[in-house]
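Topology and contacts: notes
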Amino acid sequence: MNSPLHVEVLQKRESLASKDYIKEIVHSYLANFNTLNPGVTLKINELEENKSIKDHVESITLCDDEHVSEVAITECEFVYHVYKFDIFGVETDTMTDAASGEEIAAADIWALPTEEFHGLWESLIYDSKLKEETLRFVETAFEFADRRVDPNIISWNRVVLLHGPPGTGKTSFCRALAQKLAVRLGDKFPRVRLLEINAHGLFSKWFSESGKLVAKLFEHIREIVEDHSLLACVLVDEVESLAHARRSALAGLEPSDSIRAVNAILTQLDRLKRHPNALVLTTSNVTGAIDLAFVDRADIKRRIGPPSERAAYEILRGCCDEMMARGVVSPREQLFALRILEAVRFADTEGSRASLRLWAVAREAAAAQVSGRAMRRLPFLARALHTRGKPSLAQFIDALQTALQQQLSDARELKDDSLLPNCISCNH
Ligand SMILES: Nc1ncnc2c1ncn2[C@@H]1O[C@H](COP(=O)(O)OP(=O)(O)OP(=O)(O)O)[C@@H](O)[C@H]1O
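As the structure is a computational prediction, the values presented were derived from the model and not from experiment.

**A look at the overall build of the protein**
The number of helices and strands found in the protein is 16 helices and 13 strands. Nonlocal contacts in the protein, meaning residues at least 24 apart in sequence, comprise 77% of its contacts between residues at least 6 apart.

As C-alpha cells, this is what we get:
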C-alpha cells in the first residue's frame, strides 16, 4: 500500500477558487515530477509557467511525516490540505484592575493559520520523532472526541506538557503545533484560535482583583469554545510559575488574591478539557515534578533538550543556506544533508569540505549543550563580529566556530561569576 504524503497548499489571499479546484491543479502539477523531496516547500514565483498554479497558489509544502528521503511519486498517496491565512492576525485581551486602574495584557489571541507562524514547524529540528508523534497524538485525541469514545473507558485529556531547559523551542513548538492543526484539521475546524495566557500578569501582586480578572478571561475563553466549529488551543507558558505562586501564597509571601487567581486558572483549565474542541498546551522550564494536578493528567509529557549533533548540523546548515540565499555569504555553495554525508562515510573531498567543517562546529555546539535559541544567534554574531566584506562559505563557517568559542567562554565566565548551573545551555 502506498504511504500517505501530506501536501499543504497555501492558497493566494486573492484567489476565490474552491479547495477542490486547488487540489486538482496541484495534483496535476505534482504529476510532472518523478520524485519528490519530503520536507521541501515549493514557493511559486512570477516565473512559474503553469498559469493556474501561479494565479492561485502561494506555496506547496511536502511534509515529511513518514518519509525521510526522496520518494517516487508513484509510491505515495497525496493527502491534500488547502488553506489560506486568516486575516484577523492577533488581538490582545486586556483587562483593567478596578482598584489601581492599571491595564494588563491577559492573553494574546491568534487567529490561525497566520502568516507569522508560517514555516515555524519546519524550522524546528529535533532528532527524535517529537513533532510527528505529538501531531499524531493530538489528531488521535480529536478522532476519539469525534467518535465519542467514552473517556471513562479510555482516558485521554487533550493536555500536552513540554518541559526542558530554556531556549529549546518549547513555546515555538506549541505555536507551530497549533498552526499545523489549523492547516491539517481545516475541514473539521474552519476557525482556529491560539490563546496565549499571560499567567504572570494575571496574578501579579499589583492586581487586587486577580481572581475576578481570571474569571473574566475564562468567561471570554468559554464563549470562544462554545462554538464547536472552532478549535481553541490554550497555551500556558512556564506553567510551574503557577505552582510556585501558589506555594508562595500559602506561605504568606503573596497576597491572598494571588492564590485565588492561581486556583481559578487551574480550575478553569481543568474545565476546558470537557470541551471536545479545546486543547491545552503547557510548557515548563523545570524538569522535576510540577505539583499541579492538571499537568499530572497530561496525556503527553515530553522533554525537549538542546539540539543533538544531527539537529545542530541541520539548524546551522539552514542558517548558512539562508545567508547564501540572501547574498550575505557568497558565492552560493552546496552544503550536504547529513544523510548524504553519512552515505559517503564523511569522505573528505573538495565538494564535501565545507559540510565537514560545519559538521565539526555542530558537534562542538551539541557537546557543549548549546540551546537552539543560542545556535540560531551564532550566524548573526559570526557576521557582526568575525567577518568583513562578503565572506565565502568557508570563511563564514570559520567565523561561526569563533563565535561559538566566544559564546562558550562568555557562558563559562557568567557561570563562574554567578555560580548559576546550566548557564551554557540556558544562555542567559
Ligand atoms: N530544536 C530547535 N530547532 C530549531 N530551532 C530551535 C530549536 N530549539 C530552539 N530553537 C529556536 O530558539 C528560539 C527560542 O525558542 P522558544 O522561545 O520557543 O524556546 P523555549 O524553550 O520556549 O524557551 P523559554 O523557556 O526561554 O521561553 C526559537 O526562535 C527557535 O527557532
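**Let's talk about the pairing of strand S4 (residues 57–62)**
For strand S1 (residues 3–11) and S4, the ladder comprises 5 bridges, and the chain directions are antiparallel. Note on S4: the bridge partner recorded for Val7 is Leu62. Examined bridge by bridge, strand S3 (residues 41–43) and S4 share 3 bridges and lie antiparallel to one another. When the sheet's bridge partners are listed, Thr41 is paired in S4 with Thr61.

**Quick notes on the packing of helix H11 (residues 309–325) against helix H13 (residues 353–367)**
The interhelical angle for the contact between H11 and H13, taken along N-to-C directions, is 125 degrees, at an axis separation of 8 Å. Our classification of the angle between H11 and H13 gives oblique. The way H11 lies across H13 gives a crossing that is right-handed. Contact residues: Glu309, Ala312, Tyr313, Leu316, Arg317 and Cys320 in H11; Leu358, Trp359, Val361, Ala362, Arg363, Ala365 and Ala366 in H13.

**Comments concerning the environment of Ser69**
By the secondary structure assignment, Ser69 is in the loop between S4 and strand S5 (71–72). Considered as a pair, Ser69 and Glu364 are 295 residues apart in the sequence and their alpha carbons are 26 Å apart.

**Looking at the sheet that holds strand S10 (residues 191–197)**
Spatially, S7-S8-S10-S11-S12-S9-S13 is the arrangement adopted by the 7 strands of the open sheet, whose pairing is mixed. At either end of the open sheet lies a strand with only one pairing partner, and these are strand S7 (90–96) and strand S13 (300–303). In this sheet, neighbouring strand axes are inclined to one another by 20 degrees on average, regardless of whether the strands run parallel or antiparallel. Pairing of strand S9 (residues 159–163) with strand S12 (residues 278–284) involves 5 bridges; the strand directions are parallel. In the sheet register, Val159 faces S12, and the bridge partner there is Val280. Helix-sheet contacts for helix H4 (residues 130–146) involve S9, S12 and S13, and the interaxial angle to S13 is about 170 degrees.

**Section: the domain arrangement of the protein**
What the domain assignment reports for the protein is domain 1 (3–83), domain 2 (90–303) and domain 3 (309–426). Opposite the 8 residues of domain 2 that make contact, domain 3 presents 11 residues. Here the residues of the side of domain 2 that touches domain 3 sort into 4 nonpolar, 3 polar and 1 charged.

**Topic: the sheet that holds S4**
Backbone-to-backbone hydrogen bonds join strands into a sheet, with any given pair of strands oriented parallel or antiparallel. Taking strand neighbours across the sheet as the criterion, the 4 strands line up as S3-S4-S1-S6 in an open arrangement whose pairing is mixed. Of all the strands in the sheet, the pair left with one neighbour each is S3 and strand S6 (76–83). Ignoring which end each strand starts from, the neighbouring axes of this sheet average 20 degrees apart. As defined by bridge partners, S1 adjoins S6 across 8 bridges and the pair is classed as parallel. Among the inter-strand pairings, Val7 is bridged to a residue of S6, identified as Tyr80. Lying over the sheet, helix H1 (residues 19–30) contacts S1, S4 and S6, oriented at roughly 140 degrees with respect to S6.

**A short note on the confidence of the model for the protein**
Looking at the protein as a whole, the pLDDT averages 86, with 89% of positions reaching at least 70. Here helix H16 (residues 423–426) is the element of the protein with the lowest mean pLDDT, 44, and H13 is the one with the highest, 97. Confidence over residues 419–428 falls short of pLDDT 50; this stretch has 26 contacts with residues more than four positions distant or in other chains. Prediction confidence for the complex, expressed as pTM and ipTM, is 0.89 and 0.96 respectively.

**Some details on the site of the ligand**
Taken together, 19 residues are adjacent to the ligand, and Pro166, Gly169, Thr171, Ser172 and Gly372 come closest. Residues belonging to the shell around the ligand are distributed by class as follows: 7 nonpolar, 9 polar and 3 charged. Looking at which domains feed residues into the shell around the ligand, each of domain 2 (90–303) and domain 3 (309–426) gives three or more.

**What to know about H13**
With 15 residues, H13 should reach 21 Å at 1.5 Å per residue; the first-to-last C-alpha distance of 21 Å fits that figure. Along H13, the residues classified as buried are Ala354, Ser355, Leu358, Trp359, Val361, Ala362 and Ala365. Across the axial projection of H13, the buried residues extend over an arc of 165 degrees, all falling on one side. Looking one or two residues past H13, Gln369 carries a phi angle of roughly 60 degrees, positive in sign.

**Topic: the environment of Lys12**
When you line up the elements, Lys12 lands in the loop between S1 and H1. Expressed as a C-alpha distance, the spacing of Lys12 and Lys84, which sit 72 residues apart in the sequence, is 6.8 Å. In contact with Lys12, not counting residues within four places along its chain, are His56, Val57 and Glu58.

Rules of the game
Residues numbered from 1 in each chain as written. Predicted model: local features only at pLDDT ≥ 70, side-chain atom pairs only at ≥ 80, totals over all residues. Helix = DSSP H or I, 4+ residues; strand = E, 2+ residues; numbered from the N terminus. Contact = placed C-beta atoms within 7 Å. Pairing = 2+ DSSP bridges. Axes fitted to C-alpha atoms, helices over the stretch in contact; angles between N-to-C directions. Parallel < 35°, antiparallel > 145°, perpendicular 65-115°, else oblique. Left-handed = near helix turned anticlockwise from the far one by under 90°. Domains from an automatic or database assignment. Nonpolar A, V, L, I, M, F, W, Y, C, P; charged D, E, K, R; others polar. pLDDT = per-residue confidence, 0-100. Near = placed C-beta within 6 Å. Expected span 1.5 Å × (residues − 1). Buried ≥ 20, exposed ≤ 12 C-beta atoms within 10 Å, placed from the backbone. Arc of directions from axis to C-beta.

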